[in-house]
Amino acid sequence: MVGFRAGDVPPTATVKFIGAGTAACIADLFTFPLDTAKVRLQIQGETKGTANTGHGPVQYRGVFGTISTMVRVEGPRSLYNGLVAGLQRQMSFASVRIGLYDSVKQFYTKGSDHIGIGSRLMAGCTTGAMAVALAQPTDVVKVRFQAQISTGANKRYHGTMDAYRTIAKEEGFRGLWKGTGPNITRNAIVNCTELVTYDLIKDALIKSSVMTDDLPCHFTSAFGAGFCTTVIASPVDVVKTRYMNSAQGRYSSALNCAVAMLTKEGPKAFYKGFMPSFLRLGSWNVVMFVTYEQLKRALMEARQNLVTL
């Protein structure tokens, strides 16, 4: 991404990789309750037979209603169910999909100074698919924990490592990669929309001299990217969440899950949890990209200082 200032030296791939993972973890700490509320709203509407949820079809109403209900019924800690798996996911997932984006983009442009929309889209799809292949088990465990009611003696998972073991034992090793197809689709869409939109907005603001490559520019670009991503990716995100959280054998495929949703709940089901999704993605993008840009500069300045010693 353009406009790096620390000594006019572009950040290395290692700096981007570490910076992206760290920034994503910081963003997750701030926005995780919104993500949990989104998951609860997305799976709402399925029958009570759904895996390890047990909540009725009209228990949650809106993002803040969901959060207040969870706090009242399950306690404040329930908003951070699955946080360990979430941080594991971000450290591996974001490091690849965001940290390698610029390098893969340069690969597709073959060193050309002109970076077209096609190269940006290809880079987004590539790093998104690579990230899912690596981090899918952490995403499955995160979603299962977020969907699980924290009260009562019928808790299916009692810790992060227990969840990995239980899923592998009951559903086979492939169970940890459940929903990889829809997740690759979702993240290809998310990555392309999020990174490409951020890239394009930021480039446009800087080249038109509306803003300089600083915090206000990063904030505006990230917020715009968050809104565009939510609108485009919500349907796939809902299907992914439903399918990953479903009991074994409930759906024969992600497509079967999507058809069942459309038949039983109508088209609006694909935008369940839209508001927490937007609040989460918008705020996550702002925290992540602003932190990422600052970390890149700080790490490169530290690297330059070490070189000059």
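Everything that follows concerns the structure shown earlier in this document.
Residues numbered from 1 in each chain as written. Predicted model: local features only at pLDDT ≥ 70, side-chain atom pairs only at ≥ 80, totals over all residues. Heavy atoms only, no water.

Asker: An account of the pattern of salt bridges is requested, with residue identities and associated values reported.
Answerer: Scanning the model with the defined rule gives 25 salt bridges in all. Across the pair Lys105 and Asp199 runs a salt bridge whose closest N-O atoms are separated by 2.8 Å. Placement of Lys105 in helix 4 (residues 101-109) and of Asp199 in helix 7 (residues 180-207) is noted, with a sequence separation of 94 residues between them. You can call Asp199 buried: its relative accessible area is 0%. A salt bridge links Asp237 to Lys240; the shortest N-O distance between them is 3.8 Å. (Salt bridge = Lys/Arg side-chain N within 4 Å of Asp/Glu carboxyl O. Helix = DSSP H or I, 4+ residues; strand = E, 2+ residues; numbered from the N terminus. Buried < 20%, exposed > 50% of the residue type's maximum accessible area, 1.4 Å probe, protein only.)

Asker: Let's hear about helix 3 (residues 83-97): which residues, and what values?
Answerer: In a regular helix each residue adds 1.5 Å, so 15 residues correspond to 21 Å; helix 3 covers 20 Å between its end C-alpha atoms and thus fits that length. Residues of helix 3 that are buried: Leu83, Ala85, Gly86, Arg89, Gln90, Phe93, Ala94, Ser95, Val96 and Arg97. Turning to helix 3, the residues buried within the fold contact helix 1 (13-43), helix 4, helix 5 (117-147), helix 6 (160-171), helix 7 and helix 10 (274-308). (Expected span 1.5 Å × (residues − 1). Contact = heavy atoms within 4.5 Å.)

Asker: Outline the side chain of Asp28, supporting the account with residue identities and numerical values.
Answerer: Within the secondary structure, Asp28 is located in helix 1. Apart from the residues within four sequence positions on either side, Asp28 is in contact with Gly86, Leu87, Gln90, Arg280 and Trp284.

Asker: So, the environment of Leu262: which residues are in play, and what are the values?
Answerer: Mapped onto the elements, Leu262 comes out in helix 9 (residues 254-265). According to the relative accessible area criterion, Leu262 is partly exposed, its value standing at 45%. Beyond its immediate sequence surroundings of up to four residues, Leu262 is in contact with Pro267 and Phe270.

Asker: A description of the packing of helix 7 against helix 10 should follow, citing residues and the corresponding values.
Answerer: At their nearest, the axes of helix 7 and helix 10 sit 13 Å apart, and the two run at 60° to each other. Compared by their axis directions, helix 7 and helix 10 come out oblique. Two packed elements cross with a definite hand, and for helix 7 against helix 10 that hand is right-handed. Residues Glu194, Leu195, Tyr198 and Lys202 of helix 7 form the contact with helix 10, whose participating residues are Leu281, Trp284, Asn285, Phe289 and Glu293. Split into classes, the residues belonging to the contact of helix 7 with helix 10 amount to five nonpolar, one polar and three charged. (Axes fitted to C-alpha atoms, helices over the stretch in contact; angles between N-to-C directions. Parallel < 35°, antiparallel > 145°, perpendicular 65-115°, else oblique. Left-handed = near helix turned anticlockwise from the far one by under 90°. Nonpolar A, V, L, I, M, F, W, Y, C, P; charged D, E, K, R; others polar.)

Asker: How would you sum up the state of the cysteines? Please name residues and give values.
Answerer: The full count for this structure, using the stated rule, is zero disulfides. You can see Cys125 has no disulfide; the closest cysteine sulfur is in Cys192, sitting 3.3 Å from it. Unpaired in terms of disulfides, Cys217 finds its nearest cysteine sulfur in Cys228, a separation of 15 Å. Residue class for Cys217 comes out buried when judged on its relative accessible area of 0%. (Disulfide = S-S within 2.5 Å.)

Asker: Hey, could you go over helix 2 (residues 63-74) for me, with residue numbers and the actual values?
Answerer: For helix 2, spanning 12 residues, the distance from its first C-alpha to its last is 16 Å, which sits close to the expected 16 Å at 1.5 Å a residue. Among the residues of helix 2, Val63, Thr66, Ile67, Thr69, Met70 and Glu74 are the ones counted as buried. Each buried residue of helix 2 sits inside an arc of 165° when the element is viewed along its axis, so together they form one side. Turned more than 90 degrees from where helix 2 packs its buried face, Phe64 and Arg72 sit exposed. (Arc of directions from axis to C-beta.)

Asker: Run through the packing of helix 3 against helix 5, naming residues and quoting values.
Answerer: Their axes nearest at 8 Å, the elements helix 3 and helix 5 cross at an angle of 180°. What the angle tells us is that helix 3 and helix 5 run roughly antiparallel. Where helix 3 abuts helix 5, its residues Ala85, Gly86, Gln88, Arg89, Ser92, Phe93, Val96 and Arg97 lie against Thr127, Gly128, Met130, Ala131, Val132, Leu134, Ala135, Thr138, Asp139, Val141 and Lys142. A breakdown of the residues in the contact of helix 3 with helix 5 according to their chemical character gives nine nonpolar, six polar and four charged.

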